[in-house]
Amino acid sequence: MSETHEGIDLNKLKERELLILVYKKVENLEETSKEQTGKQIQTDIQMAILKTKIQMSSAIIGFVTGLFSSVVVIVIAEIIKK
């Protein structure tokens, strides 16, 4: 039983041919790795932007909530004084 790769009988290949085949596979892996690295960088940037937007929204909501609660406390204090 001989090993085959993409229709090629690997047992019949010479050392030079095997090295060329391995070199091509390594090139393909490097290319794929570069593509994945680029995609990962894009994802990291998108996540940083999203995180910043969430933090800004949280800060605004916190400020508005604090302002609202202060106004409510002042109104209640004024009602109690009367």
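Refer to the preceding data block for the structure.
Residues numbered from 1 in each chain as written. Predicted model: local features only at pLDDT ≥ 70, side-chain atom pairs only at ≥ 80, totals over all residues. Heavy atoms only, no water.

(A) Spatial organisation of the overall build of the chain. Within the chain, the regular secondary structure consists of one helix and two strands. Start at the N end of the chain and walk to the C end: the helices and strands fall as β-β-α. Here the C-alpha radius of gyration of the chain, 32 Å, is well above what a compact globule of 82 residues would show, namely 12 Å. Principal-axis analysis of the C-alpha atoms gives the chain an extent of 100 × 25 × 15 Å. Here the chain holds 82 residues, and 2% of them are scored as buried. Of the roughly 7,700 Å² of accessible surface on the chain, a fraction of 65% belongs to carbon and sulfur atoms. When the 11 basic and 11 acidic side-chain charges of the chain are each reduced to a single mean position, those positions are 12 Å apart. (Helix = DSSP H or I, 4+ residues; strand = E, 2+ residues; numbered from the N terminus. Rg over C-alpha atoms; globule rule 2.2 N^0.38 Å. Buried < 20%, exposed > 50% of the residue type's maximum accessible area, 1.4 Å probe, protein only. Areas by Shrake-Rupley, 256 points an atom, 1.4 Å probe, with all protein chains shown as cover. Lys, Arg positive; Asp, Glu negative; His and termini not counted. Charge placed at Lys NZ, Arg CZ, Asp CG, Glu CD.)

(B) Main features of the environment of I49. Along the chain, the position of I49 falls in helix α1 (residues 15–81). The class for I49 is partly exposed, based on a relative accessible area of 44%. Through-space distance from the C-alpha of I49 to that of I79 is 45 Å; in sequence the pair is 30 residues apart.

(C) Expanded view of a negative patch on the surface. Taken together, the side chains of E27, E30, E31 and E35 define an acidic patch exposed on the protein surface. Relative to the helices and strands, E35 resides in helix α1. On the basis of relative accessibility, which here comes to 42%, the residue E35 falls in the partly exposed class. (Patch = residues over 30% accessible without salt bridge, like charges linked within 9 Å, V, L, I, M, F, W, Y side chains within 5 Å. Salt bridge = Lys/Arg side-chain N within 4 Å of Asp/Glu carboxyl O.)

(D) Main features of a nonpolar patch on the surface. Taken together, the side chains of I60, F63, V64, L67, V71, V75 and I79 make up a nonpolar region of the molecular surface, amounting to roughly 680 Å² of accessible area. Here V71 lies in helix α1. Classification of V71 as partly exposed rests on a relative accessible area of 43%.

It is worth stressing that arrangement in space is one thing and function is another; only the former is reported here.
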